[in-house]
Amino acid sequence: MIVNERFIIFMKKSNGLAYGRVGLLGNPSDIYGGKCISFTFDKSARVEISDSDYFLIKGYGVEERDLGYKGTHSLVKATINKLELSDRRFALSYDSEIPVGSGLAGSSAIVIASMRAFNDFFNLGLDRYKIAELALRVETEELGISAGFQDRYSISFEGVSFMDFSGKEYMGESDPYGKIEKLDIKEIPYFLSLGVKPKSSAVVHNPLRERFLAGGLEAGRIKERMDRIAELAVTGRDYLIAGDWHNFGGLMNRNTELREELSKHSVMDKKMIERARELGALGAKVAGSGGAVIVLSDDKNIFDEMSQDYPCYKPRIIG
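The text that follows walks through the structure, step by step, so that each part is easy to find. Residue numbers run consecutively from 1 along every chain, following the written order of its sequence. With the structure being a predicted model, the display of local features is reserved for residues of pLDDT at least 70 and the display and counting of side-chain atom pairs for 80 or more, all residues being used for whole-chain, interface and lining totals. Processing note: side-chain calculations cover all non-hydrogen atoms of the structure and skip hydrogens and water entirely.

### Quick look at the environment of D127
Only runs of H or I of at least four residues qualify as helices and only runs of E of at least two qualify as strands under DSSP, and these elements are numbered from the N terminus. Mapped onto the secondary structure, D127 falls in the loop between α2 (106-121) and α3 (128-142). A sequence separation of 29 residues divides D127 from S156, and the C-alpha atoms of the two residues are 9.1 Å apart. Within the structure, the side chain of D127 is placed 3.2 Å from the backbone nitrogen of Y129, a separation counted as a polar contact. Pairs of N or O atoms are called polar contacts if they sit within 3.5 Å, as long as, within protein, a hydrogen donor faces a hydrogen acceptor (for residues adjacent in sequence, only side-chain-to-side-chain pairs).

As structure tokens, then:
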């Protein structure tokens, strides 16, 4: 609200919030028409949009007044371009508490928080499905980053979700929406272990996606392995609902092995996974593209041992 001597002007504002995501099972088959189980946790990205006489983006101590891709604010700029809002005037500020380059969907959270704020500010009429679909295309089409549907659907719907993306391996705009089943699960015996070398998910996903899109025998081999990873999520859904952590952990370990056959884990990710398993964790796998590992265990000794070498914490499941 702005007050002057003659009248009061109410400044319009809209806020968007989106939580980070942990991949439990099935990733990265979501990029290849697969199935996943994921949940959102209590670290978030936040966006505020307000009326302004000029265009402004502000975040991480940097201000800009144009939409050129210069390596700063690219996710927000790509969202604005995808939503065809480049001719509008507004001020946007944002921040995020999701660890950067950790594979916890920090980029997707910024995009979806932005979309939620724009959806309210400009009355765009976007539902959760449309936000998830558009959020993917912000990164794949505007920024050329290979990515899948897991992050966007998980964040858009929140909570613990079983997701089925059958038939969406080529990501056509006319493809049907993904199928989402919300699971009523509030507690999982887990913690996160973070690496110390952040990286872009594009480094992990782009090369494999290029091999798949090239077609031929290699594409068939990739799809066959991804289908096997996807089936782990189908089986794991029942174990998760039943609280059968022993068998669920075994599926997490198998997810890790199948992924390793297609795309090698980073040295840091592999060390964290192997250390967790050596200490007796029921399961361990990357929580996304890498940089953070989810460890299935409620043993304090395992947590304490892992914490000696890596930042570890257990965020609250939210949504």
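### As for the layout of surface pockets
By rolling a water-sized probe across the atoms, one finds the places where empty space is left. As a volume, the largest pocket reaches approximately 800 Å³. Every residue lining the largest pocket is counted, 46 residues in all, and those nearest its centre are L75, G106, S107, S108 and S201. Broken down by secondary-structure element, the contributors of at least two residues to the lining of the largest pocket are α1 (74-82), β7 (91-96), α2, α4 (150-157) and α5 (201-213). Element by element, the count of residues in the lining of the largest pocket is highest for α2, at four residues. Residues are grouped as follows: Ala, Val, Leu, Ile, Met, Phe, Trp, Tyr, Cys and Pro are nonpolar; Asp, Glu, Lys and Arg are charged; all remaining types, including Gly, are polar. Residues belonging to the lining of the largest pocket are distributed by class as follows: 18 nonpolar, 21 polar and seven charged. Whether a set of points on the 1 Å grid over the protein atoms alone is a cavity depends on a 1.4 Å probe fitting there but being unable to get out, while an open set qualifies as a pocket with protein on both sides within 12 Å along at least five of seven lines; lining residues are those with an atom within 4 Å of a point. Grid points are joined across faces, edges and corners, and a volume is the space filled by probe spheres set on the points. Reported here for the second largest pocket is a volume of approximately 150 Å³. Taken together, K82, K130, E133, L134, R137, E173, D175 and Y177 make up the full set of residues lining the second largest pocket. Looking at which element gives the most residues to the lining of the second largest pocket, the answer is α3, with four residues. Classifying every residue of the lining of the second largest pocket gives two nonpolar, no polar and six charged.

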